[in-house]
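One-letter residues, chain by chain:
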Amino acid sequence: MDLASAIIQLFHHGLTTPRTGTGLVPIWHGLGCAVPSATFSPASGEKTHVWQVFEYFYTLKLGDQYNATPARTLAQAFQVNLSGGVAVTPKQMLFDDVMKVQSSHEPHKKSADCKFRSLVCAGLNRCQLAVWCQMVAKSSAIVDRFYQPWSYVAQTGFSEAAGYLQRLSELELNLPTDFPVRQLSTIKEVFGDPV
C-alpha cells in the first residue's frame, strides 16, 4: 500500500454522505458576518471521496476568492512566487495547490483518487502534508458534515497520523504533481485537439 492510499483509508473511516443544511458559516467571528455554507452534493448513490472533502474545505474557507485576487492571478500566470517577504501560511499553500490540481486535472476528467494523490505529492513537496490533513480534519464544519462521531477523523483530528507524516517534512522532495496529466498534455501537444 502506498502513502496516499493509507491517508485515503484513514480519511474514509466513518466518512458519510454529507448531511445537508443551509447553516451559516461565520467569516469574521468578531464582526458577526455570515454567508450561506458551501454546497456539496455528490451524484445519487456516489460515495464521498476524501478529495471532495478537501474541495469542500477549500470552498468553505473561500479558497477560490483567495486564488482569484488580481495579485494571485498575475503571479500564477507568470509563475512567480507572490510571498514578497510576507509569510505564506499553510492554508494559503493548500488553497494554491487545490486550485492547481483542479485546473490541471479537470480538463482531462481525472478521478478524485488521482487528484488527491497529486495533492499528497504537493503537500510532501511543500513539507505541509501533515498540517493540511490536520487542518481539514480539525475543522468542525467538515467533521459535523461528513463524519460519523466514531470515525478516526472525528475521534483524533488526524493527530496520530499527522505525527508520522510530520517526519516526512524533514525530507526535501520534488515529486511530480502533474504526472497523471503530463502524458495527456504531451499527446495533445503532438497531435492537437481532436475535431
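Presented here is an overview of the structure given in this document. Owing to the predicted nature of the structure, the values given are computational and were not obtained by experimental measurement.

On to the packing of aromatic side chains, then. What the rule picks out here adds up to six aromatic pairs. With a centroid separation of 4.7 Å and 20° between ring planes, the pair formed by Phe-11 and Phe-158 is classed as stacked. Here the residue Phe-11 occupies a position in helix H1 (residues 3-12), and Phe-158 occupies one in the loop between helix H9 (152-156) and helix H10 (159-166), the gap between them amounting to 147 residues. Phe-158 gets classed as buried once you look at its relative accessible area, which sits at 0%. Here the aromatic rings of Tyr-56 and Phe-146 are separated by 5.2 Å at their centres, their planes lie at 75°, and the arrangement is edge-to-face. Here Tyr-56, found in helix H2 (residues 50-60), pairs with Phe-146, found in helix H8 (residues 140-146); they are 90 residues apart in sequence, far enough to count as distant. On the basis of relative accessibility, which here comes to 0%, the residue Phe-146 falls in the buried class. Cluster of aromatic residues (ring-pair linked, three or more members): Phe-11, Phe-54, Phe-116, Tyr-152 and Phe-158.

The backbone of Cys-127 shows a phi angle near 60°, a positive value even though the residue is not glycine. Tracing the sequence through the fold places Cys-127 in the loop between helix H6 (112-125) and helix H7 (129-137). The backbone phi angle of Phe-158 is positive, close to 70°, even though this residue is not glycine.

What follows is about the pattern of salt bridges. One side chain can pair with another of opposite charge once the charged atoms of both are near each other. The final tally for this structure, using the stated rule, is five salt bridges. Put simply, Lys-100 and Asp-96 hold a salt bridge, and the shortest N to O gap is 3.1 Å. Note that Lys-100 and Asp-96 are positioned in helix H5 (residues 90-105) at a spacing of four residues, about one turn of the helix. Classification of Lys-100 as partly exposed rests on a relative accessible area of 39%. Taking the relative accessible area as the measure of exposure, Asp-96 reaches 7% and is therefore buried. Among the ionic pairs, Asp-96 bridges to Arg-126, the shortest N-O distance being 2.8 Å.

As a further point, take H1. Listing the buried residues of H1 in full gives Ala-4, Ser-5, Ile-7, Ile-8 and Phe-11. Down the axis of H1, the smallest arc covering the buried residues is 160°, so these residues share one side. Measuring from the side-chain oxygen of the N-cap residue of H1 to the backbone nitrogen of Ala-4 gives 3.1 Å; that N-cap residue is Asp-2. Residue Gly-14 follows H1 closely and has a positive phi angle near 80°.

Placed 22 residues apart in sequence, Phe-158 and Val-136 show a C-alpha to C-alpha distance of 9.0 Å. Non-local contacts of Phe-158, meaning those with residues more than four positions away in its chain, are made with Ile-7, Leu-10, Phe-11, Cys-133, Gln-134, Ala-137, Tyr-152, Val-153 and Leu-165.

Attention now moves to the state of the cysteines. Linking two cysteines covalently through their sulfur atoms gives a disulfide. The tally for this structure, following the rule as stated, stands at zero disulfides. The closest cysteine sulfur to the non-disulfide-bonded Cys-114 is located on Cys-121, 9.7 Å from its own sulfur. With relative accessibility at 19%, the residue Cys-121 sits in the buried group.

Because each turn of an α-helix spans 3.6 residues, side chains separated by three or four positions end up pointing in the same direction. Buried within H10 we find Ala-161, Ala-162 and Leu-165. An end-on view of H10 places all buried positions within 100° of arc, on one side of the element. Exposed side of H10, more than 90 degrees from the buried face: Glu-160 and Tyr-164 are the residues found there. On its buried face, H10 sits against H1, H7 and H9.

Conventions adopted
- Every residue gets a number counted from 1 within its own chain, in the order that chain's sequence is written.
- Given that this is a predicted model, residues contribute local features only at a pLDDT of at least 70 and side-chain atom pairs are listed and counted only at 80 or more, while totals for whole chains, interfaces and linings are drawn from all residues.
- Water and hydrogen atoms were dropped before computing side-chain values, which therefore reflect all heavy atoms in the structure.
- Centres within 6.5 Å make a pair out of two Phe, Tyr or Trp rings, where for Trp the six-membered ring is used; the pair is then stacked when the planes are under 30 degrees apart, edge-to-face when over 60, and tilted otherwise.
- Secondary structure elements are taken from DSSP: a helix is a run of H or I of four residues or more, a strand is a run of E of two residues or more, and numbering for both begins at the N terminus.
- The buried label goes to any residue with under 20% of its type's maximum accessible area, the exposed label to any with over 50%, and the partly exposed label to all in between, with areas taken from a 1.4 Å probe on protein chains only.
- Note on definitions: salt bridges are taken to be side-chain nitrogens of Lys or Arg within 4 Å of carboxyl oxygens of Asp or Glu.
- Here, the arc refers to the directions that run from the helix axis to the C-beta atoms.
- N or O atoms within 3.5 Å of each other form a polar contact, as long as, within protein, one can give a hydrogen and the other can take it, and as long as residues adjacent in sequence are counted only when both atoms are side-chain atoms.
- Throughout, a residue-residue contact means that at least one pair of heavy atoms, one from each residue, lies within 4.5 Å.
- Cysteine sulfur pairs qualify as disulfides if the two atoms are within 2.5 Å.

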